[in-house]
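Here is what each chain is made of, one letter per residue.
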Amino acid sequence: MSETWAKDIGLDLHLDLSGTRVRAGLESALRAAVRTGRLRPGTRLPSSRALAADLGIARNTVAEVYSQLVAEGWLTAQTGSGTSVAPRQVPAPGARAAVRPGAAVPRYDLRAGEPDLSAFPRRAWHATARKALAAAPDHLIGYPDPRGLPQLRAALADYLARARGVTADPAHIVICGGFAHGLSGISRALRSAGATTLAVESYGHQAHRDIATRQGLRLRSLPVDGMGAVIGAAAGADAVLLTPAHQFPLGVTLHPRRRREAADWGGVVIEDDYDGEFRYDRQPVGALQTLAPDRVIYAGTASKSLAPSLRLGWLVVPPRLLDAVTAELAAGPSALDQLTLAEFITSGGYDRQIRRARLAYRRRRDRLAAALRRRGLRVTGIAAGLQAVLEFSRTSEERAVVNRASHHGVAIDGLERYRAGQGPPAGDARAGVVIGYGRPPEHAYTTALARLCAVLPPDAPA
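Summary of the structure given here. For clarity, every value in this text was computed on a predicted model and none was experimentally measured.

**Thoughts on the overall build of the chain**
Scanning the chain from N- to C-terminus turns up 14 helices and 18 strands. Over its C-alpha atoms, taken along the principal directions, the chain stretches across nearly 85 × 50 × 40 Å. Looking at the chain as a whole, 51% of its 462 residues qualify as buried. Taking as baseline every contact in the chain between residues at least 6 positions apart, the subset at least 24 positions apart corresponds to 73%. Surface summary for the chain: the accessible area is close to 21,600 Å², and the carbon and sulfur share equals 52%.

**What about the nonpolar core?**
In terms of nonpolar packing, the biggest core is built from 59 residues, with Leu306, Trp314, Leu341, Tyr350, Leu368 and Leu372 touching the most fellow members. Top contributing element to this core by residue count: helix α12 (residues 349–373), with 7 residues. In terms of nonpolar packing, the next biggest core, distinct from the first, is built from 25 residues, Leu183, Leu315, Leu321 and Val325 among them.

**Describing helix α14 (residues 442–454)**
An α-helix turns once every 3.6 residues. As a result, residues three or four positions apart point the same way. Those residues of α14 lying buried are Ala444, Tyr445, Ala448, Leu449, Leu452 and Cys453. Each buried residue of α14 lies within a common arc of 165 degrees when the element is viewed along its axis, so the set occupies one face. Residues of α14 that are exposed and angled more than 90 degrees away from the buried face: His443 and Ala454. Tucked into the core, α14 has its buried residues touching β5 (108–109), α12, β16 (410–411) and β18 (431–435).

**What about the packing of α12 against α14?**
At a minimum axis distance of 11 Å, the contact between α12 and α14 shows a crossing angle of 25 degrees. By the angle between their directions, the pair α12 and α14 is classed as roughly parallel. In this structure, α12 crosses over α14, and the sense of that crossing is right-handed. Across the interface between the two elements, Arg364, Arg367, Leu368, Ala371 and Leu372 of α12 pack against Glu442, Tyr445, Thr446, Leu449 and Cys453 of α14.

**Observations concerning the sheet that holds strand β7 (residues 197–201)**
Taking strand neighbours across the sheet as the criterion, the 7 strands line up as β6-β14-β13-β12-β11-β7-β8 in an open arrangement whose pairing is mixed. The sheet is open, and its two edges are formed by β6 (173–176) and β8 (218–222), each paired on a single side. Taken over all neighbouring pairs, the strand axes of this sheet differ in orientation by 20 degrees on average, direction set aside. By the bridge criterion, 4 bridges tie strand β12 (residues 268–272) to strand β13 (residues 296–301) in an arrangement that is parallel. Among the inter-strand pairings, Asp272 is bridged to a residue of β13, identified as Ala299.

**Some thoughts on the sheet that holds strand β15 (residues 388–392)**
The 3 strands are arranged β15-β18-β17 in an open sheet whose pairing can be described as antiparallel. Because the sheet does not close on itself, it has two edges, and the strands there are β15 and β17 (413–414). Packing of helix α13 (residues 395–407) onto the sheet brings it into contact with β15, β17 and β18, and relative to β18 it is tilted by some 35 degrees.

**Some remarks on the environment of Thr213**
Looking at the secondary structure, you find Thr213 in helix α8 (residues 206–214). The sequence separation of Thr213 and Val166 amounts to 47 residues, and the corresponding C-alpha distance is 28 Å. Within the local environment of Thr213, its side chain forms a polar contact with the backbone oxygen of Asp210, the two atoms lying 2.9 Å apart.

**Some details on the side chain of Ser48**
Summarising the element assignment, Ser48 is placed in helix α2 (residues 48–55). Separated by 3.3 Å, the side chains of Ser48 and Arg59 make a polar contact. Those residues in contact with Ser48 that sit more than four places away from it in its chain are Arg59, Val62, Ala63 and Tyr66.

**Regarding the pattern of salt bridges**
Evaluated as defined, the whole model comprises 22 salt bridges. For Asp145, the salt bridge identified is with Arg147, shortest N-O distance 3.1 Å. Since its relative accessible area comes to 28%, Asp145 is described here as partly exposed. The partner of Arg367 in a salt bridge is Glu442, and the shortest N-O contact between them spans 3.1 Å. Highlighted residues: Arg367 in helix α12 and Glu442 in helix α14, separated in sequence by 75 residues. Residue Glu442 is classed as partly exposed on the basis of its relative accessible area of 42%. One continuous salt-bridge network, built from bridges that share partners, spans Arg23, Glu27, Arg31, Glu64 and Glu72.

Cut-offs applied
- Residues numbered from 1 in each chain as written.
- Predicted model: local features only at pLDDT ≥ 70, side-chain atom pairs only at ≥ 80, totals over all residues.
- Heavy atoms only, no water.
- Helix = DSSP H or I, 4+ residues; strand = E, 2+ residues; numbered from the N terminus.
- Buried < 20%, exposed > 50% of the residue type's maximum accessible area, 1.4 Å probe, protein only.
- Contact = heavy atoms within 4.5 Å.
- Areas by Shrake-Rupley, 256 points an atom, 1.4 Å probe, with all protein chains shown as cover.
- Core = buried A, V, L, I, M, F, W, Y, C linked by side-chain atoms within 4.5 Å.
- Arc of directions from axis to C-beta.
- Axes fitted to C-alpha atoms, helices over the stretch in contact; angles between N-to-C directions.
- Parallel < 35°, antiparallel > 145°, perpendicular 65-115°, else oblique.
- Left-handed = near helix turned anticlockwise from the far one by under 90°.
- Pairing = 2+ DSSP bridges.
- Polar contact = N/O pair within 3.5 Å; in protein donor to acceptor, adjacent residues only side chain to side chain.
- Salt bridge = Lys/Arg side-chain N within 4 Å of Asp/Glu carboxyl O.

See the structure below:
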């Protein structure tokens, strides 16, 4: 079997020439390339002279193959225009995957975890990217520092200290590809250091729990009440994962007394500050990390403030864990995206985006709360973030609402989806739905809200 790259002006053509019969092998290779869609209709093929030279075969052989495939209808040939792939129906790339059952995007999506993607500041980001790239010295677009570009780490140190109260030396900041990437690296570093158990809040992202268990950590569930996670239940664990500013998804803030307990706790604390900037009724609660910077790993991302697909996140890591965590975080974000975010922060564009988004999401939450009040219902948790919880008295009611919403074209998740373990934790019989009011584009939010309210029972909460 011989594999050869055939090159012509504007075209690289990979052909697998099998067997000892050159003409038959070339004919089969070209026919297969057209049939499978690797050569799209209208693609102009190399001239017979160029293809023969690249493959090291006779020009007449190539000409004969072209003539045969033209006669069969695979190719077309016109004087002065060369030889091209004939028009025909071919499956679009990924078409088979696109028709998987359940893969359809819901018309009105009120699931938590994603911002309004239509609000991404495309023009500002594009202009900032051009400016950052034009000013970047060549060495910055080579292989980057494994901790991330110094410019972004310095910009984040200033921003986090100012906006979130984080104690951050740029040398202790590690850039990662979002929280999941960061958590995976932290979990591996902890496991390598001998840790065996990670305590997690009894409600949270199942994906985050899966990441920790895949790295070999056992999980221990922490109850969550009106004061946040019960830190005392973490006794004996090696590390704990918390969302102290705005518990996900229940929406409570960790009580000051429990913040101090977490800061004084002997193990490693992973602080997921996923939406700390989005507080609507008062100044946001500062980061837990500043109370114990030698024991708390602070994690933040641009997923809610900008867009998840940027895959831009950051960790502020205690010095004793820095090398271990950095070593586990290979293949971080693109240096070009890091440069752009650094410039976006230092130019004030990031702050402006946060303020615009905060105002928009506050209005959405207010509209949600008002619509529910008209039905005698109310959401729980603080006025913050991109989601709110509507609690019910029974799990059966939760499931009924989720099903009715689905039949009305509204995607929404029940609390059951976020609960750790099988069945409700001991002493925790919560039921309800998590309403992600940040996700729909603005033009669809009014209808999404109306459809949701139409499937809610009045006076549902206990």
